[in-house]
Structures are given as structure tokens and as C-alpha cells.
Amino acid sequence: MSGTGRPYQTDMTAPSHDRLLIIDFGSQVTQLIARRLRELNIYCEIHPYQNVTEAFLAEYAPKAVILSGGPASVIDDGSPRPPRAVFGLGVPILGICYGQQVMMQELGGRVERGHGTAEFGRAYVTPGAEALDLLEGWFETDREQVWMSHGDHVAAIADGFKVYATSPGAPFAVTADPDRHFYAVQFHPEVHHTPNGARLYENFVRIAGFTGDWTMGAYREEAIAKIRDQVGDAKVICALSGGVDSSVAAALLHEAIGDQLTCVFVDHGFLRQDEGEEVVGMFRDHMNLSVIHAQEQERFLGELEGVSDPETKRKIIGRLFIDVFQKYANEIEGAAFLAQGTLYPDVIESVSFSGGPSVTIKSHHNVGGLPEKMGLKLVEPLRELFKDEVRALGRELGLPAHFIARHPFPGPGLAIRCPGEITRPKLEILRKADAVYIDQIRRHGLYDDIWQAFVAILPVRTVGVMGDGRTYDYACALRAVTSVDGMTADYYPFSHEFLGETATRIINEVPGINRVTYDITSKPPGTIEWE
């Protein structure tokens, strides 16, 4: 993916489905638009604005178009614009925030700087005098809560448009030209804080005539066909971590190419308690996949000795993964492809939008392409999917329910739950503490209510008292979050009784820890993992 300039583009074409095009202007929440549409079983793709040319539009032939938000100002010279041909396609178009403003600017309206009309956060819109098909099911009361994030505002609407809703800071909060099915909203209907936003998208795709025929069953068949077309009769090695993502990728690849697939499970020394045996046993013994259990603990631990910077850790681990896969690929005659369980959020978090104002949040070990020296091509059959879609695909493929429901586990494993220098004693303490914590969650029947839970061992020692003696041991942090797709998350509201009981168990059962804390940071501003 590196150097393509197309960080959000999917590679899959879907000729049997109507397609919706999302033109991305750099918003951090553009991917949530796709999530809302996929919940409605609509096939959609996100493409950066600069890649959407007239030739692209003619080939792609979208049934509808959404113009995303973005951080730029349409007033500035050189600001992002869609091609004028978009407005001549004869299909419904929805502009969101920056998308509304660029639509107005391009069609003859006017956008102005804030001048006291900027809105950020929760706001309320009230309806205009006329009803609008896009807003069917809205305004059961006299106002609707929405989420605003704009400095500029529309000051004059284009010819043919009318106003259908307003807010204190946005006199043109909803505008439309119903005859052409052009719609524009100043707020973000894709985010959770616009409670009725899903209904707006449902109305839009209904207006556009979508039938909602894109399902995980359909994706499975198309992905299998694509894998077979890409791979041919070559051999594929799959990076199997034991997490849901790589497991579903392996199962999908096995269904597509059978014994052309060899899975490599790398035991890098950062696995949870008993994880290696569980994963290899399930895939080798119960699913009849060819699995190599690569015992590479010494290599990884040796290279990470003395390293404390989190980005350096991730880059070292990524490089070592490549080295290990290269080693085993050389032993497999005809191996031409490396398969990974890369997901859409991995790609978005790792890549800055077009080198522009969006920032890289953190590196992912499985994002960014492969070194030329490997001589392998990349297969990423889940690259377009969010985590909940991967779980749905896993169910389609017949993976065990308890395995599909496992919490996410990062490729670098416990290495990024051990801030500061990694040592064998700290890893052993962390494994035991994590096992106690997850056991507590399961005992209390909370596992399926939580998106992800884990322990991080902190790079500090604290004074404690146990019995009549002084201790000077590590502190740890418990982390548990709720989420839908991993892009945003909130902490799980454990009871104080649960936290107290868990802290007591960890301190009593795990030598080396004498203090337990609970991380209540949401994402954003934090990330789910500590590094």
C-alpha cells in the first residue's frame, strides 16, 4: 500500500451490486459513513477526492455519491474539490459538513468564515416549513440532536435549493434540491452523537433505489473468487496470530485454495498464557489446516532487549515478522504470496490522508506492503472490513462461536502492553495478571459485553505492605472498553466491587505486582492499547 496515494481504496469490484461512492476529503470519521451504509447492506467504497476523475466516474458508475467532511476550508485557494462531472451524473448526492460547503460553492452558493457561527459538538436542528424525503422519521419532537464540527458556514444556497432545517450556528443546516436529489447537511449523521443519523442514511439509499443486497454471504463468495483469481495455482503462506482477524483470513483462504495454503503461527514470546497450544490445536487438529508452529521467542526477545520507545518496538516486531515469514517461505516450494488479516481500521490509523492534514496515529506491523527482498505478493482478503463484519464472516465460514467472540489481540501481543523496556520477568508477571483478569471477567459473565480487555504492566515500581513486610513491586493497569468497530471506544463501567475483588486476586496470586489501577480513558483521546 505504501506509495499508492490511495490509502482508503478497496480493490474489490462488485459488478453484481449497485455501488455507492464516498468521496473522501480527509475527515477523521469518513470510515463511519461506510459503517452506516454497510449496516444497511449497501456496497460502498471510499476514494480520496484527487483520485476521482471523470474517467474514474465513468468506469465506476455509482448509483449515488456522498461527499465527506474534511478539515480544509472551501474558501482557500487549492482546497479539495470533486470533479464537476459528479454533479452531472444524474444520481442522488449527499454532502456532509465540508461536503455541503463544497457542493454549495461548486453549484453557485456562497460559503463564509465563522463570524460567530462556528459549532463544535452537540447541537440541535429545527425543521423548516416544508417536509423533505431525506428527513422522513425525523422531528417527532420539535428538534433533533446532531453533531456539528464546522468553522465556516453556508451563507447563500445555490439555485434550486431550499432550506429544510436550521440550527443557531447553521441557518442552512439541511438544504436540498429535491428535483435533482441533491442533499446537503452541515452536521455529521454518521457519528453516534447524531442519534437519528442512521435513519437519514436509510432514507438516502432508499431514495437512490438501493436494494441492500451486499451481505457477508455475498462478500464471502466474491472474496473467494477474487483470491482464486489473484493466486492462481501458487502457494500462499498466511500469517496466523490466533486473533479473530488472521483466523478468519486463514479460514477464508483455506476455503478458496485448500492445500495451497500453509499457515505460519509465530510464537514471538509475547503470547498470552497457553495461547500457542490453543491456536495451533484448533487449526491443525480441528480445521485440518497446514500449520507451522514457529518457535521464535529468542529472536524477538533478543532484538527488543533494551528498547523502550513504542514506535521502535513496533517497527522491530514488524521487521522480525517479515524475516520469519521469509525464512519459512523459502522452505515452501512455489510460495508466491503472503496473506495477512489486515482490517480497515488498521489501514486508516496507519496512513495519513494523501500526505495532508490527517496524522498517522501509530504504525501497525501488518500495514505498509512487503519488502522487495521477500519476492512475495500480498493477499489481504479482509482489508475492506471492520471488526464486527469480520466476526460475521467468521460465522459464515463456520468458525466456532467461542473463537469468533474472542477479544482482539494485537500482532505484537504483550510487547505493546509492557510500556518501557521488555524483560522476561515482566512478561511472565503480565501473563499471569492478564489470565486472572480475564478469568474474573468470565466468572462474572461480562466477557461478551466487552470489546477488549487486558492488563498493562507499568514501567514503575511502587511501595506496598504485604503481611508485616515492605514490598517494592510493579503497578499494573486494567483496561476494558466497549466499541462497535474499534475506531472509537469507551471504558467499561465495572462496579467497584468487581474492581476491588479483581485487584485483590491479582495482588494475591501474581508475585511481582502490589498495585492495581483501572484505565478509564476513552478513544479518542487515548487509543485502546497502551502503545
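Throughout this document, residue positions are counted from 1 along each chain, in the order its sequence is written. Predicted model: local features are reported for residues with pLDDT of at least 70 only, side-chain atom pairs are reported and counted for 80 or more only, and whole-chain, interface and lining totals are derived from all residues. Side-chain calculation: all heavy atoms of the structure are included, whereas hydrogens and water are not.

1. Comments concerning the pattern of salt bridges
Salt bridges, as used here, are contacts in which a Lys or Arg side-chain nitrogen is within 4 Å of a carboxyl oxygen on Asp or Glu. Overall, the coordinates contain 30 salt bridges when judged by the stated rule. The partner of Arg 38 in a salt bridge is Glu 389, and the shortest N-O contact between them spans 2.9 Å. Highlighted residues: Arg 38 in helix 1 (residues 30–39) and Glu 389 in helix 11 (residues 387–397), separated in sequence by 351 residues. The residues Arg 38 and Glu 389 share a single accessibility class, namely buried. Measuring nitrogen to oxygen at the nearest pair gives 2.8 Å for the salt bridge that ties Glu 509 to Arg 505. Within this pair, Glu 509 and its partner Arg 505 are both found in helix 14 (residues 496–509), separated by four residues, close to a single helical turn. In this structure, a network of salt bridges that share partners links the residues Arg 35, Arg 36, Glu 39 and Asp 388. Secondary structure elements are taken from DSSP: a helix is a run of H or I of four residues or more, a strand is a run of E of two residues or more, and numbering for both begins at the N terminus. Only protein chains enter the accessibility calculation, which uses a 1.4 Å probe. A residue is then buried if its area is under 20% of the maximum for its type, exposed if over 50%, and partly exposed in between.

2. As for the packing of aromatic side chains
Two rings from Phe, Tyr or Trp (for Trp, the six-membered ring) form a pair when their centres sit within 6.5 Å of each other. Planes less than 30 degrees apart are called stacked, planes more than 60 degrees apart edge-to-face, and all others tilted. Evaluation of the coordinates by the stated rule reveals 18 aromatic pairs. An angle of 25 degrees between the planes, with centres 5.7 Å apart, marks the rings of Trp 138 and Phe 187 as stacked. You can see Trp 138 sitting in the loop between strand 6 (119–127) and strand 7 (144–150) and its partner Phe 187 sitting in the loop between strand 11 (182–185) and helix 4 (197–208), a full 49 residues away along the chain. Exposure class is identical for Trp 138 and Phe 187. Each is buried. Over a ring means this: the NZ of a Lys or the CZ of an Arg is within 6 Å of the ring centre and within 35 degrees of the ring normal. When the ring centre of Tyr 60 is taken as reference, the NZ or CZ atom of Arg 19 above it lies at 4.5 Å. It is Arg 143 that lies over the ring of Tyr 124; its NZ or CZ is 3.7 Å from the centre.

3. Comments concerning the pairing of strand 9 (residues 162–167)
A pair of strands is considered paired only if DSSP assigns at least 2 bridges between the two. Bridge analysis of strand 9 against strand 10 (residues 170–177) gives four bridges, and the strand direction is antiparallel. Bridge pairing in strand 10 links Val 163 to Thr 175. Count of turn residues in the strand 9/strand 10 antiparallel hairpin: two residues.

4. Some details on the packing of helix 5 (residues 216–231) against helix 6 (residues 244–257)
In a packed pair of helices, the relevant descriptors are the angle between the two axes and the axis-to-axis distance. Every axis in this analysis is a line fitted to C-alpha atoms, fitted for helices over the stretch in contact. Angles between the N-to-C directions lie between 0 and 180 degrees. Put simply, helix 5 and helix 6 touch, their axes get as near as 9 Å, and they point 65 degrees apart. Between helix 5 and helix 6, the crossing angle belongs to the class labelled roughly perpendicular. Along this stretch, helix 5 crosses helix 6, giving a crossing that reads as right-handed. Across the interface between the two elements, Arg 220, Ala 223, Ile 224, Ile 227, Arg 228 and Val 231 of helix 5 pack against Leu 252, Leu 253, Glu 255, Ala 256 and Ile 257 of helix 6. For classification purposes, an angle smaller than 35 degrees is called roughly parallel, one larger than 145 roughly antiparallel, one from 65 to 115 roughly perpendicular, and anything else oblique. Helix crossings get a hand from a simple test, with the near helix turned counterclockwise from the far one by less than a right angle marking a left-handed crossing and a clockwise turn marking a right-handed one. Throughout, a residue-residue contact means that at least one pair of heavy atoms, one from each residue, lies within 4.5 Å.

5. Description of the nonpolar core
Counting 124 residues, the largest nonpolar core has Met 103, Phe 270, Tyr 437, Ile 441 and Phe 494 as the members making the most contacts within it. Excluding anything up to four places from it in sequence, Ile 441 contacts Leu 446, Tyr 447, Ile 450, Ala 453, Phe 494 and Phe 498. For our purposes a nonpolar core is just a set of buried Ala, Val, Leu, Ile, Met, Phe, Trp, Tyr and Cys residues, chained together by side-chain atoms within 4.5 Å. The next biggest cluster of nonpolar side chains, apart from the first, holds 41 residues, and it includes Leu 37, Ile 96, Ala 165 and Tyr 183.

6. Notes on the sheet that holds strand 14 (residues 291–295)
As summarised here, the arrangement of the five strands in space is 14-13-12-15-16, forming an open sheet in which the pairing is parallel. What marks the edges here is a single partner per strand, and that holds for strand 14 and strand 16 (377–379). The mean inter-strand angle of the sheet, taken between neighbouring strand axes irrespective of direction, is 30 degrees. Two strands pair when backbone bridges link them, and strand 13 (residues 261–267) and strand 14 are joined in this way by five bridges, in the parallel orientation. Considered in strand 14, the bridge of Val 264 is made with Ile 292. Those strands touched by helix 5 are strand 12 (235–240), strand 15 (335–339) and strand 16, and its axis lies near 170 degrees from that of strand 16. The strands that helix 7 (residues 275–286) touches are strand 12, strand 13 and strand 14; relative to strand 14, the one it contacts most, it runs at about 165 degrees.

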